[in-house]
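Chains, contacts and geometry: an overview
Given next are the chains, with one letter for each unit.
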Amino acid sequence: MQATWMSFLLRSLLIAVLALCVGFYAGGWWAWMAAAICFALLTLDHTRQLARLTQWVSAPRLETIPQGTGDWELPLGELYRLNKAQHKEVQSLLQSMARFRDAARALPDGVVTLNAAHQIEWANPTAELLLAIDAERDQGRAITNLVRNPDFVEYLRLGVYTAPLILRNVRGDASVLTVRAVAFGSERMLLLVRDITHEENIERLRRDFVANVSHELKTPITVLAGFVETLANPDIELEPAQRTHFLALMAEQSERMQRLIEDLLTLSALESAARPSTESIIEMPSLIQQVMPTIQALSDGKHQFICEVEALTLKGNAQEIISVISNLASNAVRYTPAGGTIRVTWTQRDEHAVLSVTDSGIGIEAQHLSRLTERFYRVDTSRSRESGGTGLGLAIVKHVLTRHQAKLEIHSTPGQGSTFSAVFPAQRVQPLHE
Ligand code: ADP
């Protein structure tokens, strides 16, 4: 301010001196003329710089700030400096906002920001997917008009967000979500959404498993307890033949429990590690020959057996591979009526090796195939139990194969028979040099 006045005084003084000099040589009229011309030139310069500034103000951009001269140099320079600082601040704010949005976009959980009227301001892609909304299209729309679940509407209406809300079937599928609202800023809200479908499924499987095991054990224990009670009652006279029959039934139930517990222990051991603890090069032809007599004993001469093996070794855990062959072959025996054929093969297919058990038995309807390896899944429960099945055989097979990076393929035609094939990867297979 002071500098501006000083400059004005200095210029006025200079013009006065100039006018005096002109007056001294050319007379008073010329002195006034000279002063008027100088002031006019000064005013013209000010007007020009003011016009440039006015024009800039109509579209202010940092790069186009006019450069001032004379008295205008200082304020226009200052204006440029201030603008530059502000521009830098805005840029850094924009950058941190972009960083924040990038981070929120990358979150594995869904995030939605809502205003006081619960209208969507922003949502990350996970939230779009989980809540079936479109952040761009639905911006400004009330979230309760899009997620119409009554529990969710009530949750937002009550405004008590101490516990998360569990939402089922938001997208019309079997998904399970947790939603937690967090208030922030002035009346704004952050909605955090997580997909817990997988955790829920695991928890359901665990509950089902416990219920299934209890159910499986209940029948033999009830039968055994009943017989023990009868045998222990001194008032009940039993014929020797009746007693022998009772004891045979008791032995059958004990064996059933024993098989179930053995299978449960096998499953639990398989589940406790992702890979077999010990692996060796297994001579598959001799391993299959070793298992076949047990299977034939189970068939008791009721089936015809065909065995076709190629000279290939398998790298794996022999005990686990024996349990695969036994389970598949004993299923073939149990689900094939007398007179049927059971074929066990170990062959090369492309670079893989395939262990197949084919039977000419009752077969399986297509809708059951994908669920056969679930624990306790049976097509016909009574047939499975009568034939001594625990409902865990194929679950064990599936686990062993997964540990050997192998796949289980099932082909079946009801009334004609089934083929269960274990397909082993090339890196586990070698030709057998005898
Ligand atoms: P289970 O002890 O009941 O045989 P598994 O897990 O071995 O249990 O098999 C599951 C179900 O798959 C069986 O209950 C049966 O319904 C069906 N299944 C398995 N193998 C065969 C087969 N070879 N032929 C027909 N059905 C089969």
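Residues numbered from 1 in each chain as written. Predicted model: local features only at pLDDT ≥ 70, side-chain atom pairs only at ≥ 80, totals over all residues. Heavy atoms only, no water.

**Things to note about the overall build of the protein chain**
To keep it simple, the criterion reads: Only DSSP runs of H or I with at least four residues qualify as helices, and only runs of E with at least two residues qualify as strands; both kinds are numbered from the N terminus onward. The size measure is the radius of gyration over C-alpha atoms, and the globule rule it meets is 2.2 Å times the number of residues to the 0.38 power. Residue contacts are counted whenever heavy atoms from the two residues lie within 4.5 Å of one another. Only the protein chains shown count as covering a residue, and every accessible area follows the Shrake-Rupley method with a 1.4 Å probe. Charged residues are defined here as Lys and Arg on the positive side and Asp and Glu on the negative side; His and the ends of the chain fall outside this count. Think of each charge as sitting on NZ of Lys, CZ of Arg, CG of Asp or CD of Glu.
When helices and strands are tallied, the protein chain shows 12 helices and 13 strands. A globule of 434 residues ought to have a C-alpha radius of gyration of about 22 Å, yet the protein chain, at 44 Å, is considerably larger. Counting only C-alpha atoms and orienting by the principal axes, one finds that the protein chain spans roughly 160 × 65 × 35 Å. For the protein chain, long-range pairs separated by at least 24 residues make up 57% of all intrachain contacts whose partners lie at least 6 apart in sequence. Here the protein chain has roughly 26,400 Å² of accessible surface; of this, 58% comes from carbon and sulfur atoms. Taken as two groups, the 41 positive and 47 negative side-chain charges of the protein chain have centres that lie 7 Å from each other.

**What to know about the sheet that holds strand 4 (residues 176-184)**
Where we set the bar: The rule for pairing is simple: two strands pair if DSSP sees at least two bridges between them. In this description, a line fitted to the C-alpha atoms serves as the axis of each element, helices being fitted only across the stretch in contact, and the angle between N-to-C directions of two axes falls anywhere from 0 to 180 degrees.
Read across the sheet, 5 strands follow the order 2-1-5-4-3 without closing on themselves; strand pairing throughout is antiparallel. What marks the edges here is a single partner per strand, and that holds for strand 2 (120-123) and strand 3 (165-168). Each strand axis lies, on average, 25° off the axis of its neighbour in the sheet, ignoring direction.

**Digging into the environment of R349**
Put simply, the test is: The buried label applies to any residue whose accessible area, calculated with a 1.4 Å probe on protein chains only, is under 20% of its type's maximum; exposed applies above 50%, and partly exposed to all values in between. Any pair of N or O atoms that falls within 3.5 Å is considered a polar contact. Within protein, one atom must be able to donate a hydrogen and the other to accept it, and sequence-neighbouring residues count only if both atoms are side-chain atoms.
Within the fold, R349 resides in strand 9 (residues 341-349). Taking relative accessible area as the criterion, R349 reaches 34% and is therefore assigned partly exposed. C-alpha separation for the pair R349 and M189, spaced 160 residues apart in sequence, amounts to 59 Å. Those residues within four positions of R349 in sequence are excluded, and the remaining contacts are V354, E409 and V423. Within the structure, the side chain of R349 is placed 3.3 Å from the side chain of E409, a separation counted as a polar contact.

**With respect to the domain arrangement of the protein chain**
Threshold: Annotation comment: domain bounds sourced from an automatic or database domain assignment.
Under the domain assignment used here, the protein chain contains domain 1 (2-100), domain 2 (107-195), domain 3 (199-270) and domain 4 (273-431). A C-alpha centroid distance of 103 Å is found between domain 1 and domain 3.

**Points about the pattern of salt bridges**
Worth spelling out the cut-off: Whenever a carboxyl oxygen of Asp or Glu lies within 4 Å of a side-chain nitrogen of Lys or Arg, that contact is scored as a salt bridge.
Under the definition given, this model contains 23 salt bridges. Across the pair D45 and R48 runs a salt bridge whose closest N-O atoms are separated by 3.1 Å. Taken together, the positions of D45 and R48, both in helix 2 (residues 28-58) and 3 residues apart, correspond to about one turn of that helix. One continuous salt-bridge network, built from bridges that share partners, spans D109, R194 and E199.

**As for the side chain of H303**
Structurally, the position occupied by H303 is in the loop between helix 9 (284-299) and strand 7 (304-309). On the basis of relative accessible area, H303 is assigned to the buried category, the value being 11%. A distance of 3.0 Å separates the side chain of H303 from the side chain of S299, its partner in a polar contact. A distance of 2.7 Å separates a polar atom in the side chain of H303 from the backbone oxygen of T336. Ignoring any residue separated from it by four or fewer positions in sequence, one finds H303 in contact with V333, T336, P337, A338, G340 and I342.

**Description of the side chain of Q49**
With respect to the helices and strands, the residue Q49 is situated in helix 2. Excluding residues within four positions of it along the chain, Q49 makes contact with Q67, G68, T69, W72 and L76.

**Some remarks on the packing of helix 7 (residues 197-232) against helix 8 (residues 240-271)**
The relative placement of two packed helices is expressed as an angle between their axes plus a distance between the axes. In plain terms, the rule: Angle categories are assigned with fixed cut-offs, so that under 35 degrees is roughly parallel, over 145 is roughly antiparallel, 65 to 115 is roughly perpendicular, and the rest are oblique. Crossings are assigned a handedness: left-handed for a near helix turned anticlockwise from the far helix by less than a right angle, right-handed for a clockwise turn. When residue character is reported, Ala, Val, Leu, Ile, Met, Phe, Trp, Tyr, Cys and Pro are called nonpolar, Asp, Glu, Lys and Arg charged, and the others, Gly included, polar.
Across the interface, helix 7 lies against helix 8 with an axial gap of 10 Å and an inter-helix angle of 160°. Judged by the inter-axis angle, helix 7 sits roughly antiparallel to helix 8. Helix-helix and strand crossings are classified by hand; for helix 7 and helix 8 the assignment is left-handed. Partitioned by chemical class, the residues of the contact of helix 7 with helix 8 number 17 nonpolar, 4 polar and 3 charged.

**Side note on the pairing of strand 5 (residues 188-195)**
With 5 bridges joining them, strand 1 (residues 110-114) and strand 5 adopt antiparallel strand pairing. Each residue of the ladder has a partner; that of T113, found in strand 5, is L190. Of the pairings in the sheet, the one linking strand 4 to strand 5 comprises 8 bridges and is antiparallel in character. Bridging across to strand 5, F184 finds its partner in R188. Counting the residues between successive antiparallel strands, the hairpin from strand 4 to strand 5 contains 3 residues, one of them, G185, with a positive phi of roughly 55°.

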